[in-house]
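# Structure at a glance
These are the residues of each chain, in order.
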Amino acid sequence: MAAKARIAVLGAGLMGHGIAQVFAHAGHGVRIYDTAAASLDQVRTRIAANLRDLGDDETAAERVHPCADLADTVRDADFVVEAVSEDLAVKRKLFAEAESLVRADTILASNTSVIPITSIMQDLRGRERALGTHWWNPPFLVPLVEVIGTQWTSPTAIAWTMELHAAAGKKPAHVKKDVAGFIGNRLQHALWREAIALVEQGICDAETVDTVIKAAFGRRLAVLGPLENADLVGTDLTLAIHKTVLPAIDSRPAPSPYLEGLVADGKLGFKSGEGFRKWSPQAQAALRAKVVQHLKKARASDA
Ligand SMILES: NC(=O)c1ccc[n+]([C@@H]2O[C@H](COP(=O)([O-])OP(=O)(O)OC[C@H]3O[C@@H](n4cnc5c(N)ncnc54)[C@H](O)[C@@H]3O)[C@@H](O)[C@H]2O)c1
């Protein structure tokens, strides 16, 4: 991998500006493209403010070049990462256009949350250099980037991308099959399904579910993954627990009717003031601030 790669970021929204920030902070030159002038206009200021808040070198924002023209953005790029709206048709169109403008060896990556990489990239001519890089919000505070290969992605493209992200201070994880939810969201939503089922079945209320997680295994999760934990307690004990507990756990292959009911009733969470619980504007702001503080502390202790 070139020590200084030329990065192109497509989409200057919540994720795109944060991804651009990480690469610029790592010393790479970044061009960033968006169809909305407002997103482009504020991208450098937004990045500089984040860097300042984190105590990082603010001048890194000067390595980010907003571009209103796609060709100018991607022409010289070694690596193109797309973070535009979560819309398959929009992403496919953008990659078709970008592919016609880049070198044959430029790597093309999508930061989609849930759309299979295969369906985004299937019509490209050079599918061996196309893959997924799934970041977590905020990109400059959450270390993981899942690097997803399709059946066509070359091992060289995966290795180069893993190295690029590791060198930029991220924790890349290789997802060997392009499955829905990749790894992180499969695990996260397996937990959310059971959390909802516990409330739906009247076993406890929503606040209690969150308390149990945060005050128990949530405390350990950042340093003790479930499979490390299974080895720690013993695979034999894990097997015994599963024989008793798994038949009782929710395994419905569809969203819970309880969740569907909340949405139907307009209980959409923060955006409507009530979801599983009620949320005043003050409570929302306090929780958001608490999460960011926690992530900043974790980043500082990683350093
Ligand atoms: N928000 C998250 O927590 C999160 C986490 C991981 C992945 N993602 C994924 O990242 C992608 C971006 O999400 P976001 O939260 O940053 O959205 P966002 O709405 O904040 O930003 C999207 C940006 O894309 C721009 N855009 C739309 N169509 C475009 C086009 N054709 N060409 C250029 N720019 C275009 C918009 O103007 C906007 O600035 C989505 O695929 C999303 O699913 C989001």
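Structure first, text after, so check above.
As the structure is a computational prediction, the values presented were derived from the model and not from experiment. (Residues numbered from 1 in each chain as written. Predicted model: local features only at pLDDT ≥ 70, side-chain atom pairs only at ≥ 80, totals over all residues. Heavy atoms only, no water.)

## Here's the deal with the site of the ligand
Around the ligand, 21 residues are found, and the nearest of them are Met15, Asp34, Glu86, Lys91 and Ser113. Within the backbone of Leu14, a nitrogen or oxygen atom sits 2.9 Å from an oxygen atom of the ligand. Mapped onto the shell around the ligand, the elements with two or more residues apiece are helix 1 (14-25), helix 4 (88-99) and strand 6 (130-135). Here the residues of the shell around the ligand sort into 8 nonpolar, 10 polar and 3 charged. (Near = heavy atom within 4 Å. Polar contact = N/O pair within 3.5 Å; in protein donor to acceptor, adjacent residues only side chain to side chain. Helix = DSSP H or I, 4+ residues; strand = E, 2+ residues; numbered from the N terminus. Nonpolar A, V, L, I, M, F, W, Y, C, P; charged D, E, K, R; others polar.)

## Remarks on the packing of aromatic side chains
For the structure on display, the rule yields 5 aromatic pairs. The ring of Trp152 carries Arg127 above its face, with NZ or CZ at 3.9 Å from the centroid. (Phe/Tyr/Trp six-rings, centres within 6.5 Å; stacked < 30°, edge-to-face > 60°. Lys NZ or Arg CZ within 6 Å of the ring centre and 35° of its normal.)

## Points about the packing of helix 7 (residues 184-200) against helix 8 (residues 206-215)
Two elements in contact, helix 7 and helix 8, have axes separated by 9 Å at closest approach and are oriented at 135°. In this view, helix 7 runs oblique relative to helix 8, as classed from their interaxial angle. In this structure, the crossing between helix 7 and helix 8 has a hand that is right-handed. Together, Leu191, Ala195, Leu198 and Val199 of helix 7 and Ala206, Val209 and Ile213 of helix 8 make up the contact between the two elements. By residue class, the composition of the contact of helix 7 with helix 8 is 7 nonpolar, no polar and no charged. (Axes fitted to C-alpha atoms, helices over the stretch in contact; angles between N-to-C directions. Parallel < 35°, antiparallel > 145°, perpendicular 65-115°, else oblique. Left-handed = near helix turned anticlockwise from the far one by under 90°. Contact = heavy atoms within 4.5 Å.)

## Describing the nonpolar core
Among the nonpolar cores identified, the biggest contains 40 residues, and Ile7, Val9, Ile19, Phe23, Val30, Ile32 and Phe79 are the most heavily contacted of them. Filtering out sequence-adjacent residues up to four positions away, Val30 remains in contact with Ile7, Val9, Ala20, Phe23, Ala24, Arg63, Val64 and His65. Within the second largest apolar cluster, 20 residues are counted, among which are Val80, Leu94, Ile117 and Phe182. (Core = buried A, V, L, I, M, F, W, Y, C linked by side-chain atoms within 4.5 Å. Buried < 20%, exposed > 50% of the residue type's maximum accessible area, 1.4 Å probe, protein only.)

## Examining the pattern of salt bridges
The final tally for this structure, using the stated rule, is 15 salt bridges. Of the charged contacts in the structure, one is a salt bridge between Arg252 and Asp250, with a shortest N-O distance of 3.0 Å. Among the residues examined, Arg252 registers a relative accessible area of 31% and is labelled partly exposed. Asp250 sits in the buried class, given a relative accessible area of 11%. A salt bridge links Glu274 to Lys267, with the shortest nitrogen-to-oxygen separation between them at 3.7 Å. For Glu274, a relative accessible area of 23% corresponds to the partly exposed category. Taken together, the shared-partner salt bridges in this structure form one network comprising Arg6, Asp78, Arg103 and Asp105. (Salt bridge = Lys/Arg side-chain N within 4 Å of Asp/Glu carboxyl O.)

## Re the environment of Thr118
Mapped onto the elements, Thr118 comes out in helix 5 (residues 117-121). By relative accessible area, which is 22% here, Thr118 ends up partly exposed. Setting aside residues up to four positions removed in sequence, Thr118 forms contacts with Thr150, Trp152 and Asp178.

## As for unusual backbone geometry
Negative phi characterises most residues that are not glycine, and trans characterises most peptide bonds. Residue Pro138 follows Asn137 across a cis peptide bond; omega there is -5°. Checked against the element boundaries, Pro138 lands in the loop between strand 6 and strand 7 (144-148). Its identity as a non-glycine residue notwithstanding, Phe182 has a phi of 50°, on the positive side.

## Overview of the side chain of Asn185
Residue position: Asn185 is located in helix 7. Looking at Asn185, its side chain comes within polar contact range of the side chain of Gln188, at 2.9 Å. Once you skip the residues sitting within four places of it in the chain, Asn185 turns out to touch Ser113, His134 and Trp136.

## Here's the deal with the side chain of Lys91
One can find Lys91 in helix 4. The buried category is assigned to Lys91, whose relative accessible area is 1%. Among the polar contacts listed, one links the side chain of Lys91 to the side chain of Glu82, at a separation of 2.4 Å. When residues no more than four places from it in sequence are discounted, the contact partners of Lys91 are Glu82, Val84, Ser85, Glu86, Ser110, Thr112, Ile115 and Ile120.

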